[in-house]
Amino acid sequence: VRVVTPGTLTEDNLLDGRRNNHLAAVAVARERAGLAWVELSTGSFLVHEVPTDRLADELARIEPAELLLAEELRGGDVPWLAGSTIPTTYRAAYDFGAEHGERTLRQHFATGTLAGFGVQDLPLGVGAAGALLAYLGETQQGALPNLRRLEVFRDSACMGLDRTTRQSLELVDTLRGDRGTPLLSILDRTLTPMGARCLRGWLLAPLAELQPILCRQEAVAELHSDDTLRHDVRARLDRVLDLERLASRAALGRANARDLVGLRASLEQLPPLRARVASCGSPWLRDLVAAIDPLPDLAAALAEALVDEPPATLKDGGLIRPGHDPN
């Protein structure tokens, strides 16, 4: 049993695979604000602190599906929320406190300290992150094994684009609603939902440092100039489903029979994809595939245990191959 809210969806049929579905929380103290956002369907969990006058711009970048705020802000003068259509849930102010946040995070990650996460100088961010976990604990009515780490968002590596600039440049949406062509629709030739979400994030927070830009350009140039390489990589990626969301549903115990078979089929594409890209000249591409763990033991176990064409749901039975060892 769980409570379903706009920011806690994990089901593919209720989500847009090409964009994130963030649940965000804001903790405000005078001229500074802590911001945390989580994507329950992928396990992404980030924290950040910004001046309050930049909060509206950050929320526009994150595009939350749901926002958590302290009850004391309800009905008050909140300039950075003016005109916002984000569904908002108000929680007790206690949930956003730094002490409560630290205690909640340490309990979730089973650690004695948060030093390893690099959040010791982000008390407001820790408070916002704690509010998120408390809310997820109440709504999901169970453990959250897919939230395995907390990352600090480093805005120094990205170009600071305010909300008006993003809108004027029509990066992901046009000023005329459904009419016109935003930049994202021109550039997006991704084959996986993961790639589409990544590209959207890159456009909303462009790189600001020269070396990472040059590395990315070098990788793009190699893929553009080598038709065979590009064709081989795309052929493999075309068979990969949304691994991020598949893995999260499995961790949360919400995966159906076809999710598990899709997970197996996607994992089987990773070894040949790694082998094909490992010989590339671009260090960025080589490092990218070197970081991929194809999980061969898991792929083999799924292949051995599951039928090729499973029923739609687990309760229908017929998922396990005949003769497979039940142990």
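Residues numbered from 1 in each chain as written. Predicted model: local features only at pLDDT ≥ 70, side-chain atom pairs only at ≥ 80, totals over all residues. Heavy atoms only, no water.

1. Here we look at helix α11 (residues 270-277)
Okay, so step 1: Residues Leu 270, Leu 273 and Val 277 constitute the buried set of α11. Take α11 and look down its axis: the buried residues cluster within an arc of 60°, on one side only.
Okay, so step 2: Buried residues belonging to α11 abut α8 (227-237), α9 (243-251), α10 (257-267) and α12 (283-290). (Buried < 20%, exposed > 50% of the residue type's maximum accessible area, 1.4 Å probe, protein only. Helix = DSSP H or I, 4+ residues; strand = E, 2+ residues; numbered from the N terminus. Arc of directions from axis to C-beta. Contact = heavy atoms within 4.5 Å.)

2. Here we look at helix α1 (residues 55-62)
Okay, so step 1: Burial within α1 is extensive, with seven of its eight residues counted as buried.
Okay, so step 2: Of all the positions in α1, only Leu 55, Ala 56, Asp 57, Glu 58, Leu 59, Arg 61 and Ile 62 are classed as buried.
Okay, so step 3: The first or second residue beyond α1 is Glu 63, which carries a positive phi of 55°.

3. Remarks on the environment of Pro 145
Okay, so step 1: Inspection of the secondary structure assignment puts Pro 145 in the loop between α3 (123-140) and β6 (151-152).
Okay, so step 2: You can call Pro 145 partly exposed: its relative accessible area is 42%.
Okay, so step 3: Sequence separation of Pro 145 and Ala 115 is 30 residues, and the distance between their C-alpha atoms is 21 Å.

4. A closer look at the sheet that holds strand β3 (residues 44-51)
Okay, so step 1: Sheet architecture is open: six strands sit in the order β5-β4-β1-β2-β3-β6, paired in mixed fashion. Each having just a single partner strand, β5 (88-91) and β6 make up the two edges of the open sheet.
Okay, so step 2: On top of the sheet, α1 reaches β1 (22-29), β2 (32-39), β3 and β4 (64-70); it is set at about 10° to β2, its chief contact. (Pairing = 2+ DSSP bridges. Axes fitted to C-alpha atoms, helices over the stretch in contact; angles between N-to-C directions.)

5. So, the pattern of salt bridges
Okay, so step 1: Throughout the structure, instances matching the rule amount to 23 salt bridges.
Okay, so step 2: Note that Arg 197 is salt-bridged to Asp 242, the shortest N-O span being 2.8 Å. Residue Arg 197 is found in helix α6 (residues 193-204), and its partner Asp 242 is found in the loop between α8 and α9; the two are separated by 45 residues along the sequence.
Okay, so step 3: Classification of Arg 197 by relative accessible area gives buried; the value is 4%. (Salt bridge = Lys/Arg side-chain N within 4 Å of Asp/Glu carboxyl O.)

6. Notes on a nonpolar patch on the surface
Okay, so step 1: Together, Leu 183, Ile 186 and Leu 187 make up a nonpolar patch on the protein surface, roughly 250 Å² of accessible area in all.
Okay, so step 2: Considering the arrangement of structural elements, one finds Leu 187 in helix α5 (residues 183-187).
Okay, so step 3: According to the relative accessible area criterion, Leu 187 is partly exposed, its value standing at 43%. (Patch = residues over 30% accessible without salt bridge, like charges linked within 9 Å, V, L, I, M, F, W, Y side chains within 5 Å. Areas by Shrake-Rupley, 256 points an atom, 1.4 Å probe, with all protein chains shown as cover.)

7. Section: the side chain of Asn 146
Okay, so step 1: Position of Asn 146 among the secondary structure elements: in the loop between α3 and β6.
Okay, so step 2: A relative accessible area of 9% means that Asn 146 is categorised as buried.
Okay, so step 3: For Asn 146, the side chain forms a polar contact with the main-chain oxygen of Leu 40, separated by 2.8 Å.
Okay, so step 4: If sequence neighbours within four positions are ignored, Asn 146 has contacts with Leu 40, Gly 43, Ser 248, Ala 251 and Leu 252. (Polar contact = N/O pair within 3.5 Å; in protein donor to acceptor, adjacent residues only side chain to side chain.)

8. Structural notes on the state of the cysteines
Okay, so step 1: Evaluation of the coordinates by the stated rule reveals zero disulfides.
Okay, so step 2: Free cysteine: Cys 280, not disulfide-bonded; nearest cysteine sulfur from Cys 215 at 14 Å.
Okay, so step 3: In this structure Cys 280 comes out as buried when scored by relative accessible area, which is 5%. (Disulfide = S-S within 2.5 Å.)

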